[in-house]
Amino acid sequence: MTDAVVADALATVHRREWARIVASLVRRFRDLDIAEEAAAEAFAAAVERWPADGIPANPGGWLTTTATRKAIDRLRREWRRDEKHQEARLLYDEDTPSSPGVIDDDRLRLIFTCCHPALAPDARIALTLRMVGGLTVPEIAHAFLVQESAMGRRITRAKAKIRANHVPYRIPAAADLPGRLGGVLSVLFLIFNEGYLATGATTDPVRADLTAQAVRLTRLTRELVPGDGEVAGLLALMLLIEARQAARISAGGELVTLAEQDRSLWDAAPIAEGHGLVRERRAAVAAGDGPPGRFQLLAAINAVHTYAGDAADTDWFQVVALYDRLVRIDPSPVVALNRAVAVAEVDGPEVGLALIEGLPLDGYHAFHATRADLLRRAGRPHEARAAYDRAIELAGNAAESAYLTHRRSTL
Amino acid sequence: MPQYLMSVYGPLERTDFGAYATKEEMLAAFADTGAFNDMLQREGYFVFANGLESAETATVVDGQHDQPVLTDGPYLESKEHIGGFWVIDVPDLDVALRLAAEGSKACRGKVEVRPFQTEESFVALLES
């Protein structure tokens, strides 16, 4: 068997089975550390043995069995430390057949545990990527531009807090579920944004891969909670944003705005899937499924853009109407800023400018970039230049700086 | 079941009404906290609870040397000090956090939730 075939099989099984294996080990051994280590050791054993022994008929089963043995080996080594506890752990459900439903619940439990609100947001993201996403500590450190040792400590500390605090390994009670699920979705969206905002000509592929990871984890969450509108909304939102990726950066590494993008470069498959999800949610809301939340509204706004074959065909009235609803559930200044951009398309740049004056966003580059663009369109080049200067000063992304510098030069 | 310490913090210097601005506020907080404690008892979560005198009344004792060294005042220099605490015995952190939110509302202060060591974690320490 060639190494390439084995490597391919390993990558696939890692993507499909990692979370399942870790989740079932956590349920059985009640310890994130043991589960993570045993799962990693099982994959290392596969790397060593599959090239010689061949890929097993059921790779996931082979890995689960191997990981379980590794975990039991570790516990046996530690046995003397408190025999009774460990023995009880080993005896409990030695041969429980795992039905698919139970496994799915395990993965969902794992996601809720990693995104527990008692953990700091940074720790939730890192732990979710490690335990559910299966990224290595160096990969996560790299993606978030943090030292490996610091990322390792962050994850170790999070696991220690979960252990010391007896964070329950379960799906939250019905009353807490919407809030806790909202917390999970925020983590997934943060992962997506970290990858998305980092993308540019000089960006590391590991960072760009975060968007794919976020989509994958959101798909998994949707599989596990299929009826939730916000999960569907977030998945649609990510798909519709990611579909435009190829058109978003020019050959020269400059950011291309939505209005100027070559729409033939958009990826049709994720757009179709995203539109399907938005339609599904619209029908569910019409059938009395409760008002759409933040992610469903953002997805709907993005769908208005992706429905338009040409930027000039964009239904800006629809965009403004959706932002009006979004502002009601999320009255943050960033949403107000984005709404003003849509209003400016309908009522002109001066109206947009009036809406954004005084927003408390002075440290946010997009505020100054938006202001600069509106001032330019309003025929106020001097003020526009000053706003571009400020936006360039604050922009943290190479493609964005290049775009803004170019725009400033055309004033 | 795991036990947690729920501590409430308050200012170093107190008014005539303890950590509260007015007598009405103090009495309302006492009544609500009393009701909260009764609920903890009823549900079987209660281990211990009490309020502390002002941190200014504290004395730090260092007995590691020949003669104990006494220092007037609290151990940490801080604007906020522990003003009272509960010890609760609950199934898991989610229950502890829910109770902490109720306790915080009742006593009108922020509550820090911290797990006690367990037999298992203590044994792990000994074996480390």
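Here's a quick rundown of the structure. (Residues numbered from 1 in each chain as written. Chains lettered and ligands numbered in written order. Predicted model: local features only at pLDDT ≥ 70, side-chain atom pairs only at ≥ 80, totals over all residues. Heavy atoms only, no water.)

## Topic: the overall build of chain B
Phase 1 of the analysis: Each helix and strand counted, chain B has three helices and six strands in total.
Phase 2 of the analysis: With respect to the principal axes defined by its C-alpha atoms, chain B has extents near 50 × 35 × 20 Å.
Phase 3 of the analysis: The buried share among the 128 residues of chain B stands at 29%.
Phase 4 of the analysis: Partitioning the contacts of chain B with sequence separation of at least 6, the portion at a separation of at least 24 is 74%.
Phase 5 of the analysis: For chain B, the accessible area works out to roughly 8,500 Å², and carbon and sulfur atoms hold 53% of it.
Phase 6 of the analysis: Each charge class in chain B can be summarised by its mean position, and for the 9 positive and 22 negative side chains these summaries are 10 Å apart. (Helix = DSSP H or I, 4+ residues; strand = E, 2+ residues; numbered from the N terminus. Buried < 20%, exposed > 50% of the residue type's maximum accessible area, 1.4 Å probe, protein only. Contact = heavy atoms within 4.5 Å. Areas by Shrake-Rupley, 256 points an atom, 1.4 Å probe, with all protein chains shown as cover. Lys, Arg positive; Asp, Glu negative; His and termini not counted. Charge placed at Lys NZ, Arg CZ, Asp CG, Glu CD.)

## Quick notes on the packing of aromatic side chains
Residues and elements named next belong to chain A.
Phase 1 of the analysis: Tallied over the entire structure, the rule returns eight aromatic pairs over all chains.
Phase 2 of the analysis: Seen in terms of ring centroids, Trp50 and Trp62 are 5.4 Å apart; in terms of plane orientation they differ by 70°. Their pairing is edge-to-face. A residue pair is termed long-range when its members are at least 10 positions apart, and Trp50 in helix H2 (residues 32-53) and Trp62 in helix H3 (residues 59-77) qualify at twelve residues.
Phase 3 of the analysis: With a relative accessible area of 19%, Trp62 lands in the buried category.
Phase 4 of the analysis: Cluster of aromatic residues (ring-pair linked, three or more members): Phe189, Phe192, Tyr196 and Phe295.
Phase 5 of the analysis: Cation over ring: Arg248 sits above Tyr196, and NZ or CZ is 3.9 Å from the ring centre. (Phe/Tyr/Trp six-rings, centres within 6.5 Å; stacked < 30°, edge-to-face > 60°. Lys NZ or Arg CZ within 6 Å of the ring centre and 35° of its normal.)

## Remarks on empty space enclosed by the protein
Residues and elements named next belong to chain A.
Phase 1 of the analysis: For the coordinates displayed, the defined rule picks out one cavity of 30 Å³ or more.
Phase 2 of the analysis: Taken as a whole, the largest cavity holds about 40 Å³ of empty space.
Phase 3 of the analysis: For the largest cavity, the full set of lining residues is Ile34, Glu37, Ala38, Glu41, Lys70, Ala71, Arg74 and Arg77.
Phase 4 of the analysis: For the lining of the largest cavity, the secondary structure elements donating two or more residues are H2 and H3.
Phase 5 of the analysis: Counted by class, the lining of the largest cavity contains three nonpolar, no polar and five charged residues. (1 Å grid on protein atoms, 1.4 Å probe; cavity = no way out; pocket = protein on both sides within 12 Å on 5 of 7 lines; lining within 4 Å. Points joined across faces, edges and corners; volume = space filled by probe spheres on them. Nonpolar A, V, L, I, M, F, W, Y, C, P; charged D, E, K, R; others polar.)

## Details of a nonpolar patch on the surface
Phase 1 of the analysis: Together, B:Tyr9, B:Leu52 and B:Ile82 make up an exposed nonpolar region whose accessible area comes to about 230 Å².
Phase 2 of the analysis: Topologically, B:Leu52 is positioned in the loop between strand S2 (46-51) and strand S3 (59-62). (Patch = residues over 30% accessible without salt bridge, like charges linked within 9 Å, V, L, I, M, F, W, Y side chains within 5 Å. Salt bridge = Lys/Arg side-chain N within 4 Å of Asp/Glu carboxyl O.)

## Examining the pairing of strand S1 (residues 3-11) of chain B
Phase 1 of the analysis: For S1(B) and strand S5 (residues 80-89) of chain B, the ladder comprises nine bridges, and the chain directions are antiparallel. Each bridged residue has a counterpart across the sheet, and for B:Tyr4 the counterpart in S5(B) is B:Ile88. (Pairing = 2+ DSSP bridges.)

## With respect to the nonpolar core
Most often, soluble globular proteins keep nonpolar side chains buried together rather than apart.
Phase 1 of the analysis: Ranked by size, the top nonpolar core spans 121 residues in total, and within it A:Leu63, A:Leu110, A:Leu127, A:Leu129, B:Trp86, B:Ile88 and B:Leu99 carry the most contacts.
Phase 2 of the analysis: If one sorts the elements of this core by residue count, helix H1 (residues 3-29) of chain A sits on top with eleven residues. (Core = buried A, V, L, I, M, F, W, Y, C linked by side-chain atoms within 4.5 Å.)

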